[in-house]
Amino acid sequence: MSSVSEVNFLFDSTSQLLPFWIAIAKTEHELELAAKARQLAYGRHLPSLGEMLAKPDADDAHPDSAVLLAFSKLDGSCIGTVRVQIANQRQLRLEESYVLPKALSTGRVAEVSRLAIPARSNGLTLRLMLIKAAYWYIRAKLVDRCFLCVRYPVDRQYRRFELDDVLQPNEFVEMKHIGMIPHRILWFDVFHIEARWLLSANPLHSVYFASSHPDLLQNIQMRTLQLETQQQVRSIG
């Protein structure tokens, strides 16, 4: 049986082009672009953290990590970034500050971090697309659960995602890899959140699953759905 996203993609989806594209950083120069974006974005509200992020760190080049960059189609400039870590060779960075419950840490887990958008224009659309690119990246890698650490008051912006708290609601933990700033730890099930949003009529369901954005990681959504369909056909046949 096809999944919800496969049905939507094949019959109901629309392909939407964006004023930017998102790709995985491949060179040292591209990692430096990501660091510059972080410095500018975080430095607006947290100058000390912005300076700390001004240079690429060891995690950026680690095999477990993928740094995603958004580039403007107008002039090719870097306009945003986000980092994904999949716990293959080592634990998630957040676990240096808080040990996840065993029920949540089994299987393949990932952490999305370092979301940074230097300019204010198109901020919401770019934020949604960077997170969508990260989502489809970890789905393609067969990740079971994904975690995000968000500080106050930015955590309010994530209400629309219907994520779960690892701790009690509104409980914060100081994070060593984020300058010891208190953060909430949120998580979601990668393969169940689609159904959750469909049942709750969350508007993000249309953006993330019913609509296709070819500019995200060389159309990773279509490629992932095609691969999932092929795998299902082989399992049936």
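Above this text is the structure in question.
Just so we're clear, the structure is a prediction, and the values are computed from it rather than from any experiment.

Participant: Would you mind going over the packing of helix α5 (residues 123-140) against helix α8 (residues 220-236) with me for this structure?
Facilitator: Viewed as axis vectors pointing N to C, α5 and α8 meet at an angle of 25 degrees, and their least axial separation amounts to 9 Å. As far as their axial angle goes, α8 and α5 are roughly parallel. Of the two possible hands of crossing, α5 and α8 adopt the one that is left-handed. Contact residues: K132, W136, Y137, R139 and A140 in α5; I220, Q221, T224, L225 and E228 in α8. Residues that form the contact of α5 with α8 fall into these classes: 5 nonpolar, 2 polar and 3 charged.

Participant: Is there a simple way to think about α8 in this case?
Facilitator: An α-helical segment advances 3.6 residues per turn. Residues three or four places apart therefore align on the same side. The terminal C-alpha atoms of α8, which comprises 17 residues, lie 24 Å apart, in line with the 24 Å expected from a rise of 1.5 Å per residue. All buried positions along α8 are accounted for by I220, Q221, T224, L225 and E228. Buried residues of α8, seen end-on, are gathered within an arc of 125 degrees and therefore sit on one face of the element. In this structure, α8 carries V233 and R234 as exposed residues pointing more than 90 degrees from its buried face.

Participant: When you look at the packing of aromatic side chains in this model, what are you seeing that I'm missing?
Facilitator: Any two aromatic rings considered together are summarised by their centre-to-centre distance and by the angle between their planes. Evaluated as defined, the whole model comprises 10 aromatic pairs. Taken together, a centroid distance of 5.4 Å and an interplanar angle of 90 degrees make the contact between Y135 and W136 edge-to-face. Neither residue differs from the other here; Y135 and W136 are each classed as buried. For the ring pair W136 and F209, a centre distance of 6.0 Å and an interplane angle of 65 degrees mean the geometry is edge-to-face. Taken together, the residues span a long stretch of sequence, with W136 in helix α5 and F209 in helix α7 (residues 204-210) at a distance of 73 residues. Neither residue differs from the other here; W136 and F209 are each classed as buried.

Participant: Could you clarify how one ought to interpret the nonpolar core in this entry?
Facilitator: Burial of nonpolar side chains together is a common tendency in soluble globular proteins. The biggest cluster of nonpolar side chains holds 44 residues, and the ones touching the most others in it are I22, I138, Y158, F161 and F188. Ranked by residues supplied to this core, first place goes to α5 with 11 residues. Not counting the four nearest positions on each side in its chain, I138 is found in contact with V84, A110, V143, C146, F188 and V190. One finds L104, V109, M175 and I178 within the second-largest nonpolar core, a separate group that totals 20 residues.

Participant: What's the story with unusual backbone geometry in this structure? I'm lost.
Facilitator: In this chain, Y152 is followed by P153 through a cis amide linkage whose omega measures 0 degrees. Even without being a glycine, N170 presents a positive backbone phi close to 65 degrees. Among the structural elements, N170 can be located in the loop between β7 (164-165) and β8 (173-175). Even without being glycine, Q218 reaches a positive phi, approximately 55 degrees. Inspection of the secondary structure assignment puts Q218 in the loop between β10 (211-212) and α8.

Participant: Can you help me understand the pairing of strand β9 (residues 181-189) in this one?
Facilitator: Looking along a regular strand, one sees side chains alternate from face to face of the sheet. Of all 9 residues in β9, 7 are buried; the element is thus mostly enclosed. Two elements, strand β6 (residues 145-150) and β9, share 6 bridges in a ladder whose sense is antiparallel. The residue bridging L148 from the neighbouring strand is L186, located in β9. Across 2 bridges, β7 lies against β9 in antiparallel orientation. Residue pairing across strands places D165 opposite L186, the latter belonging to β9. With 3 bridges joining them, β8 and β9 adopt antiparallel strand pairing. Residue pairing for β9: E174 is matched across the bridge by P182. Two successive antiparallel strands, β8 and β9, enclose a turn made up of 5 residues, where G179 displays a positive phi of approximately 65 degrees.

The rules behind these values
- Residues numbered from 1 in each chain as written.
- Predicted model: local features only at pLDDT ≥ 70, side-chain atom pairs only at ≥ 80, totals over all residues.
- Heavy atoms only, no water.
- Axes fitted to C-alpha atoms, helices over the stretch in contact; angles between N-to-C directions.
- Helix = DSSP H or I, 4+ residues; strand = E, 2+ residues; numbered from the N terminus.
- Parallel < 35°, antiparallel > 145°, perpendicular 65-115°, else oblique.
- Left-handed = near helix turned anticlockwise from the far one by under 90°.
- Contact = heavy atoms within 4.5 Å.
- Nonpolar A, V, L, I, M, F, W, Y, C, P; charged D, E, K, R; others polar.
- Expected span 1.5 Å × (residues − 1).
- Buried < 20%, exposed > 50% of the residue type's maximum accessible area, 1.4 Å probe, protein only.
- Arc of directions from axis to C-beta.
- Phe/Tyr/Trp six-rings, centres within 6.5 Å; stacked < 30°, edge-to-face > 60°.
- Core = buried A, V, L, I, M, F, W, Y, C linked by side-chain atoms within 4.5 Å.
- Pairing = 2+ DSSP bridges.

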